[in-house]
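# Report on the structure
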Amino acid sequence: MNSSKFEEYLSKVISKVKSKEAHSMIKKELNDHMEQLSQSFQERGLSIKDADKKAMQEMGDPSTVGKNMNHLHKPRMDWLLIVLFVILVGISFLPLIGGFSVPSISFMKKQVVWLVLAILALIGFLFFDYRKLKNLWMYFYGGGLILFFTTFLVGIELNGAKRWISFGGITIDGPAISLFLFFLAWASIFAKINEFKGWKKQGMLLFLFWTPVLLYIMVPQFMFSIIYLFCVLAMYVFSYVHKQFAIKVAVGNLLIGIIFISMMILIFPNSYLSNTLIPLKDILSEAGWFGKGLYNDLKLPEAHTDFVFPFLVYSLGWTFGIILCLLLFVFILRISLNAFKTKDLFGRLLAIGGTALFIVPACWNILMGLGIVPIIVVPLPFISYGGSMLLVYSALLGLILNVYRRKDIVEPTMVN
């Protein structure tokens, strides 16, 4: 259908749609629908000209159609996630208020600076067209390797791990940023997995998959290895058409990874926090429903980072602890559900991988604080003190919000 009348009709429809990004998708959508209508009328005996005219009449008034399209295809904002983000980062200041005496002011100033940078990162990734990242997997993967080796060679060693790089007075966690880059790389790879056919390319992907796991163990940063495994394998399962085969491959690789990492932990027990005999269950049993107050006599190492959950429970009680768990549960559930609201494969993979990057550390940190799982250095998303991870989590949230924002204005790329 290429009649001038149809072009005029289409122009009137598009003029009512505010989102310019949605114009091409709407044109294609209307064109396909009207061609089907025209073809249907031609089969009933109408001429091409009359069939086209009848098809436009069936579509309705162009202004009305345009207004309906504008309502359907416009950017969306998940305000619930924004509110939850504000609440969680607000809670992150509570351990800095009561967990220290003199150093807390210094930590709070640094946290404010990092929070400003994190908000800028969130806004940047929110309004940037995420689809432009789709073909850059080599740059992301290479950047992750370069950042990792730079940290490993010239980084600053703290608490037995060489994972920090200093730039002009700002210290960043190199492996944490590299984890974000590897996540972007694999989302890009899985979005076009059909291009990696043949045993040579499959072997290359297998090598690329296991390399970061081994690198994180070298740091040593075992938790990043676990987070990376769950993140990449989750994206792999949802990118592969044959789900049963993908699940078998993912579970096999996950078991191999967990067994290998467990062996490394047994061989290098010093990778745990220095004090592994903290009586967490005794501390939590004394908390009560409303806690001891932020200013208390609890002597808990890393109360503002790895043990922020037991500190908050002891200080503010189990009532607060339960509310905090519910907030995190709603946050994770929300981003999980949003992942399946887009029909763009790359966007869905970003949301699924980002969700895994939130779920693993959040669950492990809380279970660790309850004394259920081994003590490993792992932050509670948005709440534990630390600039680099706050930056990473904010960038992830920005991407997830970006995918949700564009879910109705991007062309579907999902394979049925």
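Just above sits the structure.
Let me begin by describing the structure that accompanies this report. Note that the coordinates shown come from a computational prediction; the quantities given were computed from them, not determined experimentally. (Residues numbered from 1 in each chain as written. Predicted model: local features only at pLDDT ≥ 70, side-chain atom pairs only at ≥ 80, totals over all residues. Heavy atoms only, no water.)

## Topic: the overall build of the protein
Helices and strands together make up the secondary structure of the protein, namely 16 helices and three strands. Counting only C-alpha atoms, the protein reaches 85 × 50 × 40 Å along its principal axes. Counting only residues that meet the buried cut, the protein has 51% of its 416 residues in that class. Excluding contacts between residues fewer than 6 apart, the proportion of contacts in the protein whose partners are at least 24 apart in sequence is 73%. Entry remark: accessible area of the protein is about 20400 Å², with carbon and sulfur atoms responsible for 66%. The protein carries 37 positive and 24 negative side-chain charges, and their two centres are separated by 1 Å. (Helix = DSSP H or I, 4+ residues; strand = E, 2+ residues; numbered from the N terminus. Buried < 20%, exposed > 50% of the residue type's maximum accessible area, 1.4 Å probe, protein only. Contact = heavy atoms within 4.5 Å. Areas by Shrake-Rupley, 256 points an atom, 1.4 Å probe, with all protein chains shown as cover. Lys, Arg positive; Asp, Glu negative; His and termini not counted. Charge placed at Lys NZ, Arg CZ, Asp CG, Glu CD.)

## Considering the pattern of salt bridges
For the structure shown, the criterion picks out four salt bridges. Arg76 is the partner of Asp408 in a salt bridge, and the nearest nitrogen-oxygen pair spans 3.0 Å. One end of the pair, Asp408, is in the segment after helix 16 (387–405); the other, Arg76, is in the loop between helix 4 (62–72) and helix 5 (79–91), and 332 residues separate them in sequence. Taking the relative accessible area as the measure of exposure, Asp408 reaches 18% and is therefore buried. Given the relative accessible area of 22%, Arg76 is considered partly exposed. Close ionic contact of Arg131 with Asp129 constitutes a salt bridge, the shortest N to O distance being 3.0 Å. (Salt bridge = Lys/Arg side-chain N within 4 Å of Asp/Glu carboxyl O.)

## Quick word on a nonpolar patch on the surface
On the surface, a nonpolar cluster with roughly 440 Å² of combined accessible area is contributed by Leu80, Phe329, Val330, Leu333 and Leu337. In terms of residue count, helix 14 (residues 308–338) provides more of the nonpolar patch than any other element does, four residues in total. Considering the arrangement of structural elements, one finds Leu337 in helix 14. (Patch = residues over 30% accessible without salt bridge, like charges linked within 9 Å, V, L, I, M, F, W, Y side chains within 5 Å.)

## Notes on helix 1 (residues 4–14)
Every buried residue of helix 1 is listed here: Phe6, Tyr9, Leu10, Val13 and Ile14. The buried residues of helix 1 all sit within an arc of 135 degrees when viewed along its axis, so they share a single face. Exposed side chains of helix 1 directed beyond 90 degrees from the buried face belong to Ser4 and Lys5. Residues of helix 1 that are buried make contact with helix 2 (23–43), helix 3 (48–59) and helix 4. (Arc of directions from axis to C-beta.)

## Some words on the packing of aromatic side chains
What the rule picks out here adds up to 22 aromatic pairs. Summarising the aromatic geometry, the rings of Phe85 and Phe382 are spaced 5.2 Å apart at their centres and angled 80 degrees between planes, so their arrangement reads as edge-to-face. Of this pair, Phe85 sits in helix 5 while Phe382 sits in the loop between helix 15 (345–369) and helix 16, placing them 297 residues apart in sequence. For the pair Phe85 and Phe382, a shared accessibility class is recorded, and that class is buried. Here the aromatic rings of Phe238 and Phe340 are separated by 5.4 Å at their centres, their planes lie at 65 degrees, and the arrangement is edge-to-face. Residue Phe238 is located in helix 11 (residues 222–239), and its partner Phe340 is located in the loop between helix 14 and helix 15; the two are separated by 102 residues in the primary sequence. Residue classification places Phe238 among the partly exposed residues on the basis of a relative accessible area of 34%. (Phe/Tyr/Trp six-rings, centres within 6.5 Å; stacked < 30°, edge-to-face > 60°.)

## Structural notes on the environment of Leu294
Within the secondary structure layout, Leu294 lies in the loop between helix 13 (280–285) and helix 14. For Leu294, a relative accessible area of 17% translates into the label buried. Here the alpha-carbon distance between Leu294 and Leu312, two residues 18 residues apart in the chain, equals 7.9 Å.

## Side note on the packing of helix 8 (residues 137–154) against helix 9 (residues 174–191)
Between helix 8 and helix 9, whose axes approach to 8 Å, the crossing angle comes to 160 degrees. Taken together, the axis directions place helix 8 and helix 9 in an arrangement best described as roughly antiparallel. The element helix 8 and its partner helix 9 pack so that their crossing is left-handed. Contact with helix 8, carried on its side by Trp137, Phe140, Tyr141, Gly143, Gly144, Leu145, Leu147 and Thr151, involves Gly174, Pro175, Ile177, Ser178, Leu181, Phe182, Leu184, Ala185, Trp186, Ser188 and Ile189 of helix 9 and no other residues of that element. (Axes fitted to C-alpha atoms, helices over the stretch in contact; angles between N-to-C directions. Parallel < 35°, antiparallel > 145°, perpendicular 65-115°, else oblique. Left-handed = near helix turned anticlockwise from the far one by under 90°.)

## Observations regarding the packing of helix 5 against helix 14
Orientation of helix 5 relative to helix 14, taken along the N-to-C sense of each, is 150 degrees, at an axis distance of 10 Å. Overall, the two elements helix 5 and helix 14 adopt an arrangement that is roughly antiparallel. Our pair here, helix 5 against helix 14, has a crossing hand that is left-handed. In this structure, helix 5 uses Leu80, Leu81, Leu84, Ile87, Leu88 and Ile91 to contact helix 14, whose residues at the interface are Leu312, Phe320, Leu324, Leu327, Leu328, Val330, Phe331, Arg334, Ile335 and Asn338. Class assignment for the residues of the contact of helix 5 with helix 14 results in 14 nonpolar, one polar and one charged. (Nonpolar A, V, L, I, M, F, W, Y, C, P; charged D, E, K, R; others polar.)

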